[in-house]
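Results of the structural survey
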Amino acid sequence: MQDSIIQCIEEIEKQILDVEASGQGAGEAVDALGLSCMKLPSVGVIAILDMLKDGITPPDKDIISAMLGICEAQKKFFFALAGLLENSADALAGIDKTASSAFVEETEEAAAKVFEEPPEAVAEAEKPETAKPADKPDKAEQGKARPESKAPSSAISSIRVPTDSLDRVIELVGKLMVTYAVIAQGGTANIAQAASSLRELDNVIGKLQQEVNSIRLVPLKQIFMPMHRLVKSLSQKIGKKIDFQVSGDDLALDKTIVESLNEPLVHLLRNAVDHGLEDSEGRAAAGKPETGTVSLSAWRTGDIAYIQVGDDGRGLDPEKILSKAIEKGLAEADGEYETEEILQFVLQSGFSTAEKITDVSGRGVGMDAVVNAIKVTLDGDVRIESEVGRGATFTIELPLDRSANEGIVDALICRVGGDTFIVPGRDVVEIYMPRMNDVVELPDGRETVDVRGEVHTLLRLADLLDLTPEVEDIEMAQAIVVRVGDYKGAILVDEVLRQQQVVITGFTVPVEQIFDIPILGYGMMGESDALVIDTEEMIRHFQERIAEMARSALT
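Below you will find a few notes about this structure. Given the structure is predicted, the values throughout are model-derived calculations rather than measurements. (Residues numbered from 1 in each chain as written. Predicted model: local features only at pLDDT ≥ 70, side-chain atom pairs only at ≥ 80, totals over all residues. Heavy atoms only, no water.)

Considerations on the sheet that holds strand β15 (residues 487-493)
Strands sit in the order β10-β14-β15-β13-β12-β11 across an open sheet of six strands; the sheet is mixed. At either end of the open sheet lies a strand with only one pairing partner, and these are β10 (428-432) and β11 (439-441). On average, each strand axis in the sheet is tilted by 35° relative to the strand beside it, whichever way the strands run. Strand direction decides the pairing type here: strand β14 (residues 478-484) and β15, joined by seven bridges, are antiparallel. (Pairing = 2+ DSSP bridges. Helix = DSSP H or I, 4+ residues; strand = E, 2+ residues; numbered from the N terminus. Axes fitted to C-alpha atoms, helices over the stretch in contact; angles between N-to-C directions.)

Here's what the structure looks like:
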């Protein structure tokens, strides 16, 4: 009996080690361990196992070690059942208690975290000492001894770089060294030569930055290709015929953007296949072909990249969504909402219209997980378009420039109340000098300014930061028109000094948790440092301030 148990477990261990060597067959190994047949109340564990089986999460060393640990635990379980261990009854009782205490019902908020954080391997099971032949080394111990890897499975650890790009970088570094040598040797004796060398230095640094940014570009094909296997696997699992169409996978985006897009796209495709498309009977009743269509496309317009997931299924029902939103307290029963506003409710935390929970989607993980990855991590936006009975599309909009939270960015240097501040250039539309008759004060305390026929909210930066402006005459001040999403506003400052590149870094202490001010960090400009204005946070502060004033006026 003991030899039979050991032989069975060793066959599974060999299968797991083959997965580690080839990177293929993870789904079969999960099936061999019996994990596919287990009813797990933890949505996070289900999602990780599904992504492992579908090839979205590659089997790294941590996952292999965890699988080998499960093999060892199963071996102990069978030894206990066969009475081959001392105190087998106590051992089984201990296993039963562990199992009953381990399965805790998971909340929707906790379940959503599986998409907010990189998927990690299931916690490695305890590896107890067991009776085994002395001439057979334990493969589980080999797996246990492997070094731990902390890198997330979805991270892109390497990038293919064309040799000509490396040649250009080396050439630019050489020019940088030569220009530096000219400046260092010339000193201040020849001002004209020093000025010319500085201009050349600035030009070389700019080109070098462009080359480095281009090297970081990764084609979307790297994450689009595994989606074919995902959709095929899901269609076979739920018995739907699907035509999966992919376009634009040759679009190259920054490495960090591509890494962060993986899990949101997995979630959107799961929802499209499971909830979006009808089954064969439903499509026949609706007069549609038996094979449904799911599309994944990408394109670029200007400085914005668009990733779209669509289907020709049942679409989103605004009435059903509004009813659910009212039930959850997200909408007012007597409120009037446009269709676009109603569809946005599905992006709220914990919102789900799924009538039943399946092992594919609708397991408590709401679309807010997608919003967190797109809006918070990538500073993008999600738009929803739907027609009942015709299908729905989810369009992700992403700015192509690097995040203004860190790194080298173009910015405007301005002065307010004797202090210098930095406004990230990515949010700036234009600079305008308002006239007195352009400014209108509204009854609720807000001010608007007419900028070439377009009315914007006027945001006085001095008032928001509790500073005293040096320029009292508004016609002598300057307004920086910024755009955050679909919202535009005009930030009033004393003076815009110049435009230049700055190095933005965050604070070493959690300033945003101590002070509730719209400051992103501080920027280094060479001769001095200055605080960086968070335009999005400033607009939110202003809107909250107006709402508070309105509530005070009512009371």
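Description of the packing of aromatic side chains
Counted under the stated rule, the structure contains three aromatic pairs. Considering the side-chain rings of Y337 and F345, the 5.7 Å spacing of their centres and the 75° angle between planes classify their relative orientation as edge-to-face. Of the residues examined, Y337 reaches a relative accessible area of 27% and is grouped as partly exposed. (Phe/Tyr/Trp six-rings, centres within 6.5 Å; stacked < 30°, edge-to-face > 60°. Buried < 20%, exposed > 50% of the residue type's maximum accessible area, 1.4 Å probe, protein only.)

Some points on the nonpolar core
Judged by nonpolar contacts, the single largest core of 48 residues is most densely connected at L220, M227, L261, L265, L269, L296 and I307. The element contributing the most residues to this core is helix α11 (residues 255-276), with nine residues. In this structure, L461, L465, V482 and F542 belong to the second largest nonpolar core, which totals 22 residues. (Core = buried A, V, L, I, M, F, W, Y, C linked by side-chain atoms within 4.5 Å.)

Observations regarding helix α1 (residues 2-22)
With 21 residues, α1 ought to run about 30 Å at 1.5 Å a step, and its terminal C-alpha atoms sit 30 Å apart, in line with that. Residues of α1 that are buried include every one of I5, I6, I9, I12, E13, I16, L17 and V19, and no others. Along the axis of α1, the buried residues cluster in a sector spanning 145°; they form a single face. Structural note: α1 exposes D3, E11 and A21 on the side pointing more than 90 degrees away from its buried face. Two residues or fewer after α1 comes G23, characterised by a positive phi angle close to 75°. (Expected span 1.5 Å × (residues − 1). Arc of directions from axis to C-beta.)

As for the pairing of strand β4 (residues 292-301)
Relative to β4, strand β2 (residues 242-247) is paired through six bridges, and the arrangement is parallel. If you follow I242 over to β4, its bridge partner there is G292. The pairing of β4 with strand β5 (residues 304-311) spans eight bridges and is antiparallel. Along β5, the bridge assignment pairs A298 with I307. Taken together, β4 and the strand that follows it, β5, pair antiparallel across an intervening segment of two residues, in which G302 is found at a positive phi of about 65°.

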